[in-house]
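# Reading the structure
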Amino acid sequence: MLTIIVIAIVVVLVIAAIALYNNLVRLRNRVDNAWAQVDVQLQRRLDLIPNLVETVKGYASHERGTLDEVTAARAGVMSATTPAGKMEADNVLTGALKSLFAVAEAYPDLKANANFQQLQSQLAETEDKISYMRQSYNDTVMTYNNAIQTFPGVLFSGAFKPRESFDAAAGAETAPQVQF
C-alpha cells in the first residue's frame, strides 16, 4: 500500500512538473509572438520612411542633415539584431522622425502635398499600432517574467531567462515645450 501511495505521489509530481514546464514554454512563445508583432509594425514603418524622405527632399532639399539623420536612424533599426538593440534604435528613429515633421512644418507646400499627407497619416497610424504592440509586448513579458520568477516556476529558472520590456525613450519623462 505504501508503495502505491509513493508511486502515486511521484506520478502527480511528474505530471505537475510537466504541466508547469509546458506552461512556461507557452508563455515564452507568447513573448516571442508579441515581439514578432512589434517587429512587423516596425518593419511597416521602415517601409514607409524612404517614401516620406523622398517626398520631403523635393520640397526641403537644403534640410539634408535632418534627412540624413532619419536615414541613418532607419538603418540602425534595420541592422539591430536583438530586441534590446531594436528598442534602442527605434527610440533614435522616433526622435529623428519628430525632427523631420518639425522641418515639414516650415514648408506649407509640403504640408499641403497629398502624398506627404497620406504618408504622414499612414506613419501616424503605424506609430499608434507600434505603441499598442509595445504595450502588449510589455504585458506579455511581465506575465512571463512573473511566471519564471515566482514559485514553482523558479524551479525551472535555469531553462528560462527573463526578458526585457520596452522602456520609454530617454527624455520622455519631460513634456515637450510648445511655443506660440
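The preceding data block contains the structure.
The residue count restarts for each chain, going from 1 along the sequence in the order it is written. Side-chain atom pairs in this predicted model are given and counted only at pLDDT of 80 or more, local residue features only at pLDDT of at least 70, and totals for whole chains, interfaces and linings cover all residues. Derived side-chain values reflect all non-hydrogen atoms in the structure, with water molecules and hydrogen atoms excluded from consideration.

## A closer look at the nonpolar core
We apply this condition: The definition of a nonpolar core used throughout is a set of buried Ala, Val, Leu, Ile, Met, Phe, Trp, Tyr and Cys residues joined through side-chain atoms within 4.5 Å. Burial classes: relative accessible area under 20% of the type maximum marks a residue as buried, over 50% as exposed, and values in between as partly exposed (1.4 Å probe, protein chains only). In this description a helix means any DSSP run of H or I spanning at least four residues, a strand means any run of E spanning at least two, and both kinds are numbered starting from the N terminus. Contact criterion: two residues are considered in contact whenever any of their non-hydrogen atoms come within 4.5 Å of each other.
Ranked by size, the top nonpolar core spans 24 residues in total, and within it L52 and L97 carry the most contacts. For this core, the secondary-structure elements that each account for two or more residues are helix 1 (2-59), helix 2 (64-79), helix 3 (83-105) and helix 5 (114-149). Apart from residues no more than four positions distant in its own chain, L97 is found in contact with R45, I49, L52, V70, L123 and E127.

## Notes on helix 1
An α-helix turns once per 3.6 residues; consequently, residues spaced three or four apart project the same way. Selection rule: Between the first and last residue of a helix there are one fewer steps than residues, each counted as 1.5 Å, and that sum is the expected span. The quantity called bend is, for any residue, the angle between two axes fitted respectively to the seven residues ending at it and the seven beginning at it.
For helix 1, built from 58 residues, the straight-helix expectation of 86 Å at 1.5 Å per residue is met to within 8% by its first-to-last C-alpha distance of 86 Å. Of all the bends in helix 1, the greatest reaches close to 25° and is centred on I49; the proline P50 follows between one and four positions later.

## Re the packing of helix 1 against helix 2
As a reminder, the rule being used: Here, axes are lines fitted to C-alpha atoms. For helices the fit covers the stretch in contact, and angles between N-to-C directions go from 0 to 180 degrees. An angle below 35 degrees is treated as roughly parallel, one above 145 as roughly antiparallel, one from 65 to 115 as roughly perpendicular, and anything else as oblique. Polar here means any residue outside two lists: the nonpolar Ala, Val, Leu, Ile, Met, Phe, Trp, Tyr, Cys and Pro, and the charged Asp, Glu, Lys and Arg; Gly therefore counts as polar.
In contact at an axis separation of 11 Å, helix 1 and helix 2 are set at 170° when each is read in the N-to-C sense. When the axes of helix 1 and helix 2 are compared, the pair comes out roughly antiparallel. Where helix 1 approaches helix 2, its residues L46, I49, P50, V53, V56 and K57 are matched on the opposing element by R64, L67, V70, T71, R74, V77 and M78. Partitioned by chemical class, the residues of the contact of helix 1 with helix 2 number nine nonpolar, one polar and three charged.

## A few points about the pattern of salt bridges
To keep it simple, the criterion reads: When a carboxyl oxygen of Asp or Glu lies within 4 Å of a side-chain nitrogen of Lys or Arg, that pair is called a salt bridge.
For the structure shown, the criterion picks out eight salt bridges. Between K86 and D39 there is a salt bridge, with the nearest N and O atoms lying 2.7 Å from each other. Taken together, the residues span a long stretch of sequence, with K86 in helix 3 and D39 in helix 1 at a distance of 47 residues. A salt bridge links R44 to E125; the nearest nitrogen and oxygen atoms lie 4.0 Å apart. Highlighted residues: R44 in helix 1 and E125 in helix 5, separated in sequence by 81 residues. Under the relative-accessibility criterion, R44 is labelled partly exposed at 28%. For E125, a relative accessible area of 39% corresponds to the partly exposed category. Through salt bridges that share partners, R45, D90, E127 and R134 make up one connected network.

## Focus on helix 2
Stated precisely, the cut-off is as follows: The reported arc concerns the directions from the helix axis to the C-beta atoms and nothing else.
An ideal rise of 1.5 Å per residue puts 22 Å on 16 residues; helix 2 measures up with 22 Å between its terminal C-alpha atoms. Taken residue by residue, helix 2 has T66, L67, V70, A73, R74 and V77 as its buried positions. Taken end-on, helix 2 shows its buried residues confined to a sector of 130°, consistent with a single buried face. Pointing more than 90 degrees away from the buried face of helix 2 are the exposed residues G65, A72 and S79. In this structure, the buried side of helix 2 is in contact with helix 1 and helix 3.

## Some points on the packing of helix 2 against helix 3
Threshold: With the far helix as reference, a near helix turned anticlockwise by less than a right angle produces a left-handed crossing, and one turned clockwise produces a right-handed crossing.
Closest axis-to-axis distance for the helix 2/helix 3 pair is 8 Å, and the angle between their directions is 160°. Classified by the angle their axes make, helix 2 and helix 3 are roughly antiparallel. Between helix 2 and helix 3 the crossing geometry is left-handed. Each of T66, L67, E69, V70, A73, R74, G76 and V77 in helix 2 lies in contact with helix 3, whose residues at this interface are K86, A89, D90, V92, L93, A96, L97, S99, L100 and V103.

## Let's talk about the environment of V70
Structurally, V70 can be placed in helix 2. Along the sequence, V70 and P50 sit 20 residues apart, while their C-alpha atoms lie 9.2 Å from each other. Non-local contacts of V70, meaning those with residues more than four positions away in its chain, are made with I49, V53, L93, A96, L97 and L100.

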